[in-house]
Amino acid sequence: FLFLMALLLAGCTSVGTDVDKGRHLAGVRHFFVLSNLNDNHAIDETIVRALQTRGLEAESGPLTMMPDSAQAVVTYADHWAWDFSTHLIQLKISVQDPQSVHPYASAFYQKNVALSTEVDAVVNQLVGALLKPAK
């Protein structure tokens, strides 16, 4: 019974990426994570740590604090559910050029069942998917 439940619950999670054709993050070394004022879970700092553990330069803050050396701007949108505790149910991380308005790469996570999820693990999975070389 437990094995069957684990299979069903595992199928309730979606992870994917969308990268514009001909674009990749292989040459990007310095990222700026745009802080979201509605973020009560410090996801911007989690993204910065995930990038830094991969040997990349990353920092976060408001757009006015973006350094001139930033090669890519990272934005994110998160959604949470509550049932006796807070659960991450959706996270989308997008990357765009500093001069652009539209992202050229994004990764998303969606969980249909509100069960406890380790935010660091989700962010690391999405950052890894974004940085994965194009095929």
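Residues numbered from 1 in each chain as written. Predicted model: local features only at pLDDT ≥ 70, side-chain atom pairs only at ≥ 80, totals over all residues. Heavy atoms only, no water.

Bringing the nonpolar core into the picture now. If you look at the biggest cluster of nonpolar residues, it comprises 28 residues, and the most contacted ones within it are Phe31, Ile47, Leu51, Leu91, Ile93, Val95 and Val123. Secondary-structure elements contributing two or more residues to this core are strand 2 (30–34), helix 2 (43–52), strand 4 (72–82), strand 5 (86–96), strand 6 (105–111) and helix 3 (119–131). Top contributing element to this core by residue count: helix 3, with six residues. Once you skip the residues sitting within four places of it in the chain, Leu51 turns out to touch Phe31, Val33, Leu56, Ala58, Val127 and Leu131. (Core = buried A, V, L, I, M, F, W, Y, C linked by side-chain atoms within 4.5 Å. Buried < 20%, exposed > 50% of the residue type's maximum accessible area, 1.4 Å probe, protein only. Helix = DSSP H or I, 4+ residues; strand = E, 2+ residues; numbered from the N terminus. Contact = heavy atoms within 4.5 Å.)

Considering every residue of the chain, the mean pLDDT works out to 85; 85% of them sit at 70 or more. Taken together, the stretch residues 1–11 has pLDDT below 50 and engages in two contacts with residues farther than four places along the chain or on a different chain. (pLDDT = per-residue confidence, 0-100.)

In this section: the side chain of Gln96. With respect to the element layout, Gln96 can be found in strand 5. Within the structure, Gln96 has its side chain in polar contact with the backbone oxygen of Ser100 (distance 3.0 Å). In this view, Gln96 contacts Ala72, Val73, Val101, His102, Pro103 and Tyr104; residues no more than four positions away in its chain are not counted. (Polar contact = N/O pair within 3.5 Å; in protein donor to acceptor, adjacent residues only side chain to side chain.)

Inspection of every chain in the model, using the stated rule, returns one cavity of 30 Å³ or more. Considering only enclosed or pocket space, the largest cavity measures out at about 50 Å³ in volume. For the largest cavity, the full set of lining residues is Leu25, Phe31, Ile47, Leu51, Val74, Ile93, Val95, Val127, Leu130 and Leu131. For the lining of the largest cavity, the elements supplying multiple residues, two or more each, are helix 2, strand 5 and helix 3. Partitioned by chemical class, the residues of the lining of the largest cavity number 10 nonpolar, no polar and no charged. (1 Å grid on protein atoms, 1.4 Å probe; cavity = no way out; pocket = protein on both sides within 12 Å on 5 of 7 lines; lining within 4 Å. Points joined across faces, edges and corners; volume = space filled by probe spheres on them. Nonpolar A, V, L, I, M, F, W, Y, C, P; charged D, E, K, R; others polar.)

According to the stated counting rule, one finds zero aromatic pairs in the structure shown. Above the face of the Tyr104 ring, Arg23 is positioned so that its terminal group lies 3.7 Å from the ring centre. (Phe/Tyr/Trp six-rings, centres within 6.5 Å; stacked < 30°, edge-to-face > 60°. Lys NZ or Arg CZ within 6 Å of the ring centre and 35° of its normal.)

Here strand 2 runs beside strand 3 (residues 57–61); their pairing, made up of five bridges, is parallel. Within strand 3, the residue paired with Phe31 across the bridge is Ala58. Following the backbone out of strand 2, through helix 2 and into the adjacent parallel strand 3, one traces a crossover that is right-handed. (Pairing = 2+ DSSP bridges. Right-handed = clockwise from strand over helix to strand, strands pointing away.)

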